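# Notes for the structure review
Residues per chain are reported as follows:
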Amino acid sequence: MAYRWKNTLNDNDVTDHALFLNRRQIMGGAAGLGLAAAIGGPRAALAQEVLEPNSFEDITSYNNFYEFGTGKDDPAKNAGSLTTTPWTVTIDGLVDKPGEYDFGDIMAKMTVEERIYRFRCVEAWSMVVPWNGFELKDLLDLAGVQSSAKYVAFETLYRPEEMVGQKFPVLEWPYVEGLRLDEAMHPLTIMATGIYGKDIPNQNGAPMRLVVPWKYGFKSIKSVVKITLTDKEPPTSWNIANAREYGFFSNVNPKVDHKRWSQATERKIGGGLFAKRIPTLMLNGYEEEVASLYEGMDMSVNF
Amino acid sequence: MIKDAINGSARKVPAWLIYIVGILPAAWFLYEGLTGGSGADPIKALEHELGEFALKLLIVGLCITPLRKHLGVNLLKFRRAIGVMTFEYVLLHLLVWLVLDVQIVSQIWADIVKRPYITVGMVGFVLMIPLAVTSNNLSVRKLGVRWRKLHKLTYGIAFLGALHFVMVAKGIQLEPLLYMAVVLGLLALRIPKNSLQFSGRFTRESVDN
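Read on for an overview of the structure.

All names here are of chain A. Following threonine 85, the chain continues to proline 86 via a peptide bond in cis, the omega torsion being -5°. Note on placement: proline 86 falls in the loop between helix H3 (74-78) and strand S1 (88-93). Residue proline 207 is reached from alanine 206 by a cis peptide bond, and omega for that bond is -5°. Despite not being glycine, serine 223 has its phi angle at roughly 40°, a positive value. With respect to the helices, strands and loops of the structure, serine 223 is situated in the loop between strand S9 (209-211) and strand S10 (224-230). If you check the backbone angles, asparagine 284 has positive phi at about 60° while not being a glycine. Structurally, the position occupied by asparagine 284 is in the loop between strand S12 (277-279) and helix H8 (287-290).

Below, the structure written as structure tokens:
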């Protein structure tokens, strides 16, 4: 049941990465552009759709992965020590088939596709990442979600001998995250296993990490070893560390500032020393796809 | 004696050399930022490097008196240059934040009043201005005793600088806490002995009660 969602994000200058791009998505994007031109739609309306992915170098050298240190370059320096084979994911809680799922077995059953997503960090910088991965829904369906389940809890590997940052209590380890079940089942929500068609590097959350493109980056938990279906809102690491600053939802929202800085604008990584700030888009530009999930909810209260 | 060797060579090094050598790190940070050597976000990198270097200079400046008092190492003649360099680095750090990072004028003011860590940093910077302005022989002569009093502001500035760094960090991070510990340690060395005894007795009494 893959390809429930079609990528509308494409890059005019992406020819050098074309090898990695899904051909159907390119064709779809081109058709969209042509259609808009035919009906005389303003070019500006499409501006947000013409996204230029960051370089592989930027994406894999500038990371927040505190398990390997708090510096942006620490993960790239220290994550080499992480063993990702064998890798099993425990899926438990309110599922029909709880148990340990081998990463290789999962991959054999999943349809991997490319998703070019905006990635907005809570620190007000952003990137565009061409992920490869599968929809989380497909993995959850594999385990059989029971009707009483309302939330999904995630957990990162805890292995301080390989993850040097875990020796210092920057956060409570292991890192935990959570989604409401409807968020988890949304077709935009993926488990990423690659970037630019290559296996996802350790510093980006190998072998498998969550990607929820309309939420701040820290929600997209890396190197997942455990997924638990539950009927209660699960604890989340940054919320435990500072509930005033980090809510459970953490949806990208230019109107709700972080307690210590504005979220109205962001700086796209890769623009050099004189990069201009750009406006942050509501729900990171995925308003059309996911705003309905939050209908009637006050996003400044449930931030 | 190491002490005498240091004092001897310090006598030979002119203080103005600090101004020239001191600007080299800033030039290096800028060069790295322009040529891609400081990673994917050179703006944040430059901002952080300048701020952290200013904090290091503040610490070096605070070391001079204890070094002389407790170890007999006299580097007093470099203190003004170190102080002025500290101000320059804080100013550059602030400029990078204003011009390259935040960019938007309306947001700058909103950040200063709304964000405590920026307020703290900003207060620290403003307190440095009178010190920078009076860092010349004429001011020392004219202000006399008041000059010494005024320059005690350095203690508060160092604390605010370290606090600014602690507050900006996400989660509990080691590096800013280490800076804070060093600053607090250097400030503790300034507390007069008799007031320490007083506070010691005070604490013991409170515990007894």
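Let us now look at the sheet that holds strand S6 (residues 176-180) of chain A. Residues and elements named next belong to chain A. With mixed pairing, the five strands of this open sheet are ordered in space as S2-S1-S10-S5-S6. Strand pairing shows two members of the sheet lacking a second neighbour, strand S2 (99-102) and S6, which therefore form its edges. Adjacent strand axes in the sheet meet at a mean angle of 20°, parallel and antiparallel pairs treated alike. Bridging between S1 and S10 involves four bridges; their strand directions are parallel. From the neighbouring strand, glycine 93 faces S10, where its bridge partner is leucine 229. Those strands touched by helix H5 (residues 136-143) are S1, S2, strand S5 (151-156) and S10, and its axis lies near 70° from that of S10.

Turning our attention to the packing of aromatic side chains. All names here are of chain A. In the structure shown here, the tally under the stated rule is 17 aromatic pairs over all chains. Arranged with centres 5.0 Å apart and planes meeting at 75°, the rings of tyrosine 62 and tryptophan 125 form a pair that is edge-to-face. Placement of the pair is tyrosine 62 in the loop between helix H2 (56-61) and H3 and tryptophan 125 in strand S4 (residues 125-135), with a sequence separation of 63 residues. The same class applies to tyrosine 62 as to tryptophan 125, namely buried. Ring geometry for tyrosine 117 and tyrosine 286: centres 5.8 Å apart, planes at 80°, overall edge-to-face.

On the surface, a nonpolar cluster with roughly 710 Å² of combined accessible area is contributed by Val13(B), Trp16(B), Leu17(B), Tyr19(B), Ile20(B), Val21(B), Ile23(B) and Leu24(B). Position of Ile20(B) relative to the elements: it lies in helix H2 (residues 16-35).

Here the focus is the pattern of salt bridges. Scanning all chains against the criterion turns up 23 salt bridges over all chains. A salt bridge links Glu135(A) to Arg115(A), with the nearest nitrogen and oxygen atoms 2.6 Å apart. Here Arg115(A) lies in strand S3 (residues 113-120) and Glu135(A) lies in strand S4, a separation of 20 residues in the sequence. Neither Glu135(A) nor Arg115(A) differs from the other in exposure class; each is buried. The partner of Lys44(B) in a salt bridge is Asp101(B), and the shortest N-O contact between them spans 2.8 Å. Of this pair, Lys44(B) sits in helix H3 (residues 42-71) while Asp101(B) sits in helix H4 (residues 79-102), and the two are 57 residues apart along the sequence.

Turning to the side chain of Lys215(A), a few remarks are in order. All names here are of chain A. Looking at the element boundaries, lysine 215 is found in the loop between S9 and S10. Since its relative accessible area comes to 2%, lysine 215 is described here as buried. A polar atom in the side chain of lysine 215 sits 2.9 Å from the side chain of glutamate 183. Ignoring anything within four residues of it in the chain, the contact list for lysine 215 reads Arg120, Leu179, Glu183, Phe249, Ser250, Asn251, Val252 and Tyr294.

Residues and elements named next belong to chain A. Here S1 runs beside S2; their pairing, made up of four bridges, is antiparallel. The residue of S2 that forms the bridge with isoleucine 91 is glycine 99. Hairpin connection, S1 to S2: the antiparallel pair is bridged by five residues.

It is worth spelling out the interface of chain A and chain B at this point. Each partner contributes residues to the interface: chain A has 28 residues there, and chain B has 27 residues. Carbon and sulfur atoms supply 54% of the area buried between chain A and chain B, which totals about 2300 Å² over both sides. Among the residues chain A hides against chain B, the three largest losses belong to Arg260(A), Arg267(A) and Leu273(A). Together they make up 32% of the total. Salt-bridge contacts for Arg267(A) lead to Asp101(B); the nearest nitrogen and oxygen are separated by 2.8 Å. For the pair chain A and chain B, the number of links is 13 residue pairs in polar contact (both at pLDDT 80 or more). Grouping the constituent residues of the side of chain A that touches chain B by class yields 13 nonpolar, seven polar and eight charged.

Counting residues in hydrophobic clusters, the biggest one holds 79 residues, and the most contacted among them are Trp131(A), Leu139(A), Phe154(A), Trp214(A) and Ile227(A). Setting aside chain neighbours within four positions, we find Ile227(A) in contact with Val89(A), Thr90(A), Ile91(A), Asp92(A), Leu139(A), Leu140(A), Val152(A), Ala153(A) and Phe154(A). Core analysis: the next-biggest nonpolar cluster, separate from the first, contains 39 residues, Phe87(B), Leu100(B), Met122(B) and Phe125(B) among them.

Conventions and cut-offs
Residues numbered from 1 in each chain as written. Chains lettered and ligands numbered in written order. Predicted model: local features only at pLDDT ≥ 70, side-chain atom pairs only at ≥ 80, totals over all residues. Heavy atoms only, no water. Helix = DSSP H or I, 4+ residues; strand = E, 2+ residues; numbered from the N terminus. Pairing = 2+ DSSP bridges. Axes fitted to C-alpha atoms, helices over the stretch in contact; angles between N-to-C directions. Contact = heavy atoms within 4.5 Å. Phe/Tyr/Trp six-rings, centres within 6.5 Å; stacked < 30°, edge-to-face > 60°. Buried < 20%, exposed > 50% of the residue type's maximum accessible area, 1.4 Å probe, protein only. Patch = residues over 30% accessible without salt bridge, like charges linked within 9 Å, V, L, I, M, F, W, Y side chains within 5 Å. Areas by Shrake-Rupley, 256 points an atom, 1.4 Å probe, with all protein chains shown as cover. Salt bridge = Lys/Arg side-chain N within 4 Å of Asp/Glu carboxyl O. Polar contact = N/O pair within 3.5 Å; in protein donor to acceptor, adjacent residues only side chain to side chain. Buried area = accessible area lost by both parts, 1.4 Å probe. Nonpolar A, V, L, I, M, F, W, Y, C, P; charged D, E, K, R; others polar. Core = buried A, V, L, I, M, F, W, Y, C linked by side-chain atoms within 4.5 Å.

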